Amino acid sequence: MSVIKKIALVGCTGSIGRQTLAVAGRHPEKFAVCCLVAHSSAAELTAAANRFMPAYAALTSGGAVAGLNPGIKFLSGSRAGLRAVEESGADIVVVACGGFAGLEYSLLALRMGARLALANKETLVCGGDIVMPLGGEIVPIDSEHSAIWQCLGFRRDAKFKNIIITASGGPFRDKKFEELEGVTPEQALAHPTWRMGAKITIDSATLLNKGYEVIEAHHLYGAGYGSIKTVIQPQSIVHSMVEFEDGAVLAQLSEPTMELPIQLALTYPERYDCALRPLDWSRAFSLEFLPLVRKNYPLYDLALTCGEAGGVLPAALNAASEEAVHAFLNKQITFCDIFRVVDTVVGRTVNERATSFEQLAGVDAACRHIAQSVIKKR
Ligand code: NDP
Ligand code: MG
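Worth saying up front: this structure is predicted, and the values here are computed from it rather than measured.

A.B. asks: Account for the packing of aromatic side chains, naming residues and giving values.
C.D. replies: How two aromatic rings sit relative to each other is given by the distance of their centres and the angle of their planes. This structure, assessed with the given rule, holds eight aromatic pairs. Residues Phe177 and Phe339 carry aromatic rings whose centres are separated by 5.9 Å and whose planes lie at 85° to one another, so their mutual orientation is edge-to-face. Here Phe177 is found in the loop between β8 (162-167) and α7 (185-188), whereas its partner Phe339 is found in helix α13 (residues 335-347), with 162 residues between them in sequence. Given the relative accessible area of 19%, Phe177 is considered buried. Relative to Phe335, the ring of Phe328 has its centre 5.6 Å away and its plane inclined at 70°; by these criteria the two rings are edge-to-face. The class of Phe328 is buried, set by a relative accessible area of 1%. Through a chain of ring-to-ring contacts, the aromatic side chains of Trp149, Phe154 and Tyr268 assemble into a single cluster.

Here's what the structure looks like:
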């Protein structure tokens, strides 16, 4: 008899959150949603909660809800999401909110002894050095890391020679950085193969996202930076690969969809129907692989430099990038300014070993402050 797993979902109104609910809704015999957390999308949270009937629903903006089923306990305020997740006693915590905020949820999930199904990349980018020593069960949702995990037989400690992370290259793959000064938010938000939240879509256009993924892979798979390669795969069909000692390379392929890695993070090692359009082997198609030249993408290069340096620099990089992308989307700075702001903030950060959440939260706040003043002067 299969036991129903209780899922807490942080970021239930976002791109990953909605797809997680689609997966949970497809398999009600396997999953019960016990907690839903959003920031300010009150109406959507209410609709999702009334459909899935979790024990807890929370809004971290401090807002109110109308029409919520009275059987659901509602919490509101900046710590409400953390309290709701903790009190829900979930078996699996899906951390699918964006930004540095995800780190505290991930630490909580591991402290609760729950499975951490991790979409939020900032958790490991900013806090990998404090998260990984906690041990516990961390399963990736990011499609590249899921592909690697699948190639490794769902074992994060398996042996390999190299990890090869694929990148679509984003909408400006063939352009030089200097040519991108006049790019508008609308152009940068038009990703050729993936539909995602705004921050990660802009990071995909600058390739900062690929730098984040290298740092994530370093932490998740204990991989030295020298053994993580990246390659452009414009069709986004090959989601990543692993090369083994004997030269064999395994890859995971599928049409671009996040529902597959989300579902697998909930069901592994079992696989169930995923409503995924299968690859059509009856028609001719090609897969291209192009070298990803690090120096052509300044934010990717900077992310790798911060990752290799370690300590608090990746957290500084992230804080600055969250502020800079927000300012770009508000048309306060240009596309190329995103790099200039982040580079300035990283350059002003004194690096030290990352030792605690409180220290990283301090770095995050300080770097956001610097970033805002740099943005104001542009
Ligand atoms: P979205 O911007 O679409 O969604 C963010 C979600 O987080 C919303 O539900 C938002 O609520 C909620 N939220 C914001 N702040 C908080 C907070 N402090 N506490 C709790 N919830 C909060 O983002 P995505 O779904 O695109 O991405 C989420 C994460 O997953 C990011 O780290 C991203 O890098 C990663 N990821 C995303 C992929 C994708 O395909 N989208 C692929 C791989 C990784 P509200 O709606 O109320 O604002
Ligand atoms: Mg990814």
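Resuming the write-up.
A.B. asks: So what's going on with the coordination of the magnesium ion (ligand 2)? Which residues, and what values?
C.D. replies: Tetrahedral coordination by four donors puts the ideal angle at the metal at 109.5 degrees, and octahedral coordination by six puts it at 90 or 180 degrees. Binding of the magnesium ion (ligand 2) to the protein goes through Asp142 (OD), Glu144 (OE) and Glu213 (OE), at separations of 2.1 to 2.2 Å. Of note, the donors binding the magnesium ion (ligand 2) are all from one chain and are spaced D-x1-E-x68-E. Residue classification places Asp142 among the buried residues on the basis of a relative accessible area of 7%. Residue Glu144 is classed as buried on the basis of its relative accessible area, which comes to 8%.

A.B. asks: Can you break down the pattern of salt bridges residue by residue, with the values?
C.D. replies: This model, assessed by the stated rule, comprises 24 salt bridges. A salt bridge links Glu137 to Arg115; its shortest N-O distance comes to 3.1 Å. Of this pair, Glu137 sits in the loop between α5 (122-131) and β7 (138-140) while Arg115 is found in strand β6 (residues 115-118), placing the two residues 22 residues apart along the sequence. Residue class for Glu137 comes out partly exposed when judged on its relative accessible area of 30%. By relative accessible area, Arg115 is classed as buried at 8%. Notably, a salt bridge pairs Asp157 with Arg155, separated by 3.0 Å at the nearest N-O pair. Residue Asp157 is classed as exposed on the basis of its relative accessible area of 58%. For Arg155, a relative accessible area of 46% corresponds to the partly exposed category. Salt bridges here are not isolated pairs; linked through shared partners, they connect Lys121, Asp142, Glu144, Lys210 and Glu213.

A.B. asks: Now, about the sheet that holds β6: what can you tell me, with residues and values included?
C.D. replies: With respect to topology, seven strands assemble into an open sheet ordered β4-β3-β2-β1-β5-β6-β7, the strand pairing being parallel. Where the open sheet ends on each side, the last strands, each with one partner, are β4 (73-76) and β7. Put simply, the sheet's adjacent strands are angled 20° from each other on average, direction ignored. In this structure, strand β1 (residues 5-10) lies alongside strand β5 (residues 92-95), joined through four bridges in parallel fashion. Following the sheet pairing, Ile7 is matched in β5 by Ile92.

A.B. asks: Tell me about the site of ligand 1, residues and numbers included.
C.D. replies: Not every one of the 27 residues close to ligand 1 is listed here, only the nearest: Thr13, Ser40, Ser41, Glu122 and Gly197. Contacts to ligand 1 include Ser15, whose backbone N or O atom sits 2.9 Å from an oxygen atom. Separating an oxygen atom of ligand 1 from a backbone N or O atom of His39 is a distance of 3.0 Å. Starting from 910 Å² of accessible surface for ligand 1 in isolation, the protein chains cover 83%.

A.B. asks: Residues and numbers for unusual backbone geometry, please.
C.D. replies: Put simply, Tyr268 and Pro269 share a cis peptide bond, and its omega is 0°. Mapped onto the fold, Pro269 is located in the loop between α10 (259-267) and β12 (290-291). One non-glycine residue with positive phi stands out, namely Met53, at about 50°. Residue position: Met53 is located in the loop between α2 (42-52) and β3 (56-59). With phi around 55°, Ala275 is a residue other than glycine that occupies positive phi space. With respect to the secondary-structure elements, Ala275 resides in the loop between α10 and β12.

A.B. asks: I'd like a rundown of the sheet that holds strand β10 (residues 238-243), residues and numbers included.
C.D. replies: With mixed pairing, the five strands of this open sheet are ordered in space as β11-β10-β8-β9-β12. On the outer flanks of this sheet lie β11 (249-253) and β12, each paired with one strand and no other. Two strands pair when backbone bridges link them, and β8 and strand β9 (residues 228-232) are joined in this way by five bridges, in the parallel orientation. From the neighbouring strand, Thr166 faces β9, where its bridge partner is Val231. The sheet contacts of helix α6 (residues 143-151) involve β8, β10 and β11, and relative to β10 the element is tilted by about 45°. Here helix α9 (residues 208-221) sits on the sheet and contacts β8 and β9; the angle it forms with β8, its principal contact strand, is near 150°.

Cut-offs applied
Residues numbered from 1 in each chain as written. Chains lettered and ligands numbered in written order. Predicted model: local features only at pLDDT ≥ 70, side-chain atom pairs only at ≥ 80, totals over all residues. Heavy atoms only, no water. Phe/Tyr/Trp six-rings, centres within 6.5 Å; stacked < 30°, edge-to-face > 60°. Helix = DSSP H or I, 4+ residues; strand = E, 2+ residues; numbered from the N terminus. Buried < 20%, exposed > 50% of the residue type's maximum accessible area, 1.4 Å probe, protein only. Donors = N, O, S within 2.8 Å, 3.2 Å for Na, K, Ca; no water. Salt bridge = Lys/Arg side-chain N within 4 Å of Asp/Glu carboxyl O. Pairing = 2+ DSSP bridges. Axes fitted to C-alpha atoms, helices over the stretch in contact; angles between N-to-C directions. Near = heavy atom within 4 Å. Polar contact = N/O pair within 3.5 Å; in protein donor to acceptor, adjacent residues only side chain to side chain. Areas by Shrake-Rupley, 256 points an atom, 1.4 Å probe, with all protein chains shown as cover. Contact = heavy atoms within 4.5 Å.

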